[in-house]
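This is what each chain is made of:
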Amino acid sequence: MKTIKLINFLSLLVISGWLAACGNKPSENAEQEEEVVEEKSFGNTFKGKEVQLFEIKNTNGLKMKVTNFGARVTELWVPDKNGNPVDIVLGFNTLDEYLNSSEKYIGASIGRYGNRIANGEFTLNDVVYKLPINNNGQTLHGGPGGFDWVVWDAQKVADNSIEFSYKSPDGEEGFPGELLVKMVYTLTDENEFKVTYEAETDQATPVNLTHHSFFNLNGAGEGTILNHELQLNASKYTPVNGVLIPTGEILEVSGTPFDFTSSTAIGARIENENEQLGFGGGYDHNWVLDKSSKDLTQAAVVSSPQTGIKMEVWTTEPAIQFYSGNFLDGTIHGKEGKSYDFRGAFCLETQHYPDSPNQPNFPSTILNPGEKYEQTCIYKFDVK
């Protein structure tokens, strides 16, 4: 175990210091001086590789624990409006709990292809590729052996950052080409959880990486997220069929329960009579962001009236998946034995559109040899 000691955590939770650190836009580079990275074993080994748990902190009271099993965030502590630390992500205390959970994506990195690919197949350069099916006849989140289910190589690259790397062999989960992936998780002094992605391939292949933390700004296991207020900077979305594959249409959200262009309680319209809500059991859809470039832009703002915690989502991606925890049912018990109930968390996954390899009118997700995949996602925290 390696530990760099930091001044007492509680003394850092002073609201004035917290607010002073918050800017209007996430920083691209932030130097850290007194953060800590701790490393220890987390459940021995999985498929012959050691599983580890890391802890990082910033100087304003953010603290995060991550494991190299699926590059998962297991804890994320942020101060609430009273300066009290709140763990805002669902997770478990042991590797076995992750392995045995009926919800396998909690806190995980997702790849090679985030979201769904119809019928578990696509055609690329006149070759039909067959993928393992793991969701209603479709391939979800890269298949059952996706990036959430591998042990990443992990190393400390700065006192506030951990770098994860993985070599996905040609043919893994049916995808062509050897794919080299690097992700860096950083806690900045601007109170950001920043994820940067890089990937390179030796054959043309679809790539759509994302992050799958289940958030509850009231605290993990602290009831539903229906009182959370959400704004999505997206005036269009991609409707789906009964197995949640996009139809190919791109529709306006105006006049529908999918209109979050102004801040609205998640629960305000979730029970409306609506075919799309019926297909998803609530919100489980892709919103097309109002942007025309690959620049880092704000995609979403969500806040809890209960704790006052506000989270902004910034991304270089063209879209975001909003999922309202529709398949949580209270049978999963996580940290401190708390049950993860129906709609007890939400996910905001920055991404390209679902099923893009089969949808020629969607932005391409094909990465070719000689190109570099580069994306950034930032979750930025403040209090209202």
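Further up the page is the structure itself.
What you see is a predicted model; the values in this text were computed from it and never measured.

Draft legend 1. Focus on unusual backbone geometry. The peptide bond linking Gly111 to Arg112 adopts the cis configuration, its omega dihedral lying at 0 degrees. Along the chain, the position of Arg112 falls in the loop between strand S6 (108-110) and strand S7 (116-117). Of note, His141 is a non-glycine position whose phi angle comes to about 55 degrees, a positive value. Here His141 is to be found in the loop between strand S10 (139-140) and strand S11 (153-158). Classification of His141 by relative accessible area gives buried; the value is 5%. Positioned with a positive phi, Glu173 is a non-glycine residue whose angle comes to about 50 degrees. Within the element layout of this structure, Glu173 appears in the loop between strand S12 (161-168) and strand S13 (179-187).

Draft legend 2. View of the environment of Glu178. Inspection of the secondary structure assignment puts Glu178 in the loop between S12 and S13. Among all residues touching Glu178, those that are not within four sequence positions of it are Arg112, Lys167, Ser168, Pro169, Asp170, Glu200, Thr201 and Asp202.

Draft legend 3. Looking closely at the side chain of His228. Topologically, His228 is positioned in the loop between strand S16 (210-212) and strand S17 (229-232). Taking the relative accessible area as the measure of exposure, His228 reaches 0% and is therefore buried. For His228, the side chain forms a polar contact with the side chain of Asn227, separated by 3.1 Å. If near-sequence neighbours (up to four positions away) are discounted, His228 is found in contact with Asn216, Leu217, Asn218, Thr264, Ala265, Ile266, Val302, Ser303, Ser304, Pro305 and Phe346.

Draft legend 4. The sheet that holds strand S19 (residues 251-252), seen in detail. Spatially, S19-S18-S21-S24-S27 is the arrangement adopted by the five strands of the open sheet, whose pairing is antiparallel. Of all the strands in the sheet, the pair left with one neighbour each is S19 and strand S27 (347-351). Inspection of the sheet shows strand S24 (residues 319-323) paired to S27 by five bridges, in the antiparallel sense. From the neighbouring strand, Ala319 faces S27, where its bridge partner is Gln351.

Draft legend 5. Expanded view of the packing of aromatic side chains. One pass over the full model with this rule turns up 29 aromatic pairs. The ring of Phe260 is capped by Arg269, whose NZ or CZ atom sits 5.2 Å from the centre of that ring.

Draft legend 6. The arrangement of the pairing of strand S21 (residues 284-288) in detail. For S21, the buried fraction is high: five of the five residues fall into the buried class. Residues Asp284, Asn286 and Val288 line one face of S21 and the alternating positions His285 and Trp287 line the opposite face, and both faces are buried. Pairing between strand S18 (residues 236-238) and S21: three bridges, direction antiparallel. The residue bridging Tyr237 from the neighbouring strand is Trp287, located in S21. Pairing analysis gives five bridges linking S21 to S24, with the strands arranged antiparallel. Each residue of the ladder has a partner; that of Trp287, found in S24, is Ile320.

Draft legend 7. Examining the nonpolar core more closely. Grouped together as the largest cluster of nonpolar side chains are 60 residues, with contacts concentrated most on Trp287 and Leu348. Of all the elements, S13 adds the most residues to this core, at five residues. Excluding its chain neighbours within four sequence positions, the residues that come into contact with Trp287 are Leu232, Ala234, Lys236, Tyr237, Val253, Phe258, Phe260, Pro318, Ala319, Ile320 and Phe322. Counting 20 residues, the second largest nonpolar core, distinct from the first, contains Ala220, Tyr323, Ile332 and Ala345.

Draft legend 8. Layout of the pattern of salt bridges. Taken as a whole and assessed by the stated rule, the structure comprises 15 salt bridges. Salt-bridge contacts for Glu271 lead to Arg343; the nearest nitrogen and oxygen are separated by 2.5 Å. Taken together, the positions of Glu271 in the loop between strand S20 (264-265) and helix H3 (275-280) and Arg343 in the loop between strand S26 (339-340) and S27 put the pair 72 residues apart, joining distant regions of the chain. Three or more residues are tied together by salt bridges with common partners; here these are Glu55, Lys65 and Glu75.

Draft legend 9. Examining the sheet that holds S13 more closely. With antiparallel pairing, nine strands are arranged side by side in an open sheet as S11-S12-S13-S14-S29-S23-S22-S17-S20. The strands lining the two open edges of the sheet, one partner per strand, are S11 and S20. Where strand S22 (residues 297-303) and strand S23 (residues 309-315) come together, six bridges link them in antiparallel fashion. By the bridge assignment for S23, Ala300 is matched with Val313.

Draft legend 10. Fine view of the environment of Asp382. If you trace the backbone, Asp382 turns up in strand S29 (residues 373-383). Separated by 190 residues in the primary sequence, Asp382 and Glu192 have C-alpha atoms spaced 9.3 Å apart.

Draft legend 11. How the structure looks around the pairing of strand S9 (residues 127-130). One ladder, built from four bridges, connects strand S8 (residues 121-124) with S9; its direction is antiparallel. For Glu121, the partnering residue across the bridge sits in S9 and is Lys130. Remark: two residues form the turn of the hairpin made by S8 and S9, two consecutive strands paired antiparallel; Asn125 in that turn has positive phi of roughly 50 degrees.

The rules behind the values
- Note that residues are indexed from 1 along each chain, following the sequence as it is written.
- Two thresholds apply to this predicted model, a pLDDT of at least 70 for residue-level local features and 80 or more for giving and counting side-chain atom pairs, whereas whole-chain, interface and lining totals are computed over all residues.
- For side-chain calculations, the full set of non-hydrogen atoms in the structure is used, while hydrogens and water are omitted.
- Segments assigned H or I by DSSP are reported as helices when at least four residues long, segments assigned E as strands when at least two residues long, and all are numbered from the N terminus.
- Only protein chains enter the area calculation, which uses a 1.4 Å probe; residues under 20% of their type maximum are buried, those over 50% are exposed, and those in between are partly exposed.
- In this analysis, two residues are considered to be in contact whenever any of their non-hydrogen atoms come within 4.5 Å of each other.
- Under this definition, polar contacts are N or O atom pairs within 3.5 Å; protein pairs additionally need one hydrogen-donor-capable and one acceptor-capable atom, and for neighbouring residues in sequence, both atoms have to be side-chain atoms.
- Any two strands with at least two DSSP bridges between them are considered paired.
- In summary, the pairing rule links any two rings of Phe, Tyr or Trp, Trp by its six-membered ring, whose centres are within 6.5 Å, and it sorts them by plane angle into stacked for under 30 degrees, edge-to-face for over 60 and tilted for everything else.
- Here, a charge over a ring means that NZ of Lys or CZ of Arg falls within 6 Å of the ring centre while also lying within 35 degrees of the ring normal.
- Note on terminology: a nonpolar core comprises buried Ala, Val, Leu, Ile, Met, Phe, Trp, Tyr and Cys residues joined through side-chain atoms within 4.5 Å.
- A pair is scored as a salt bridge if a Lys or Arg side-chain nitrogen falls within 4 Å of a carboxyl oxygen belonging to Asp or Glu.

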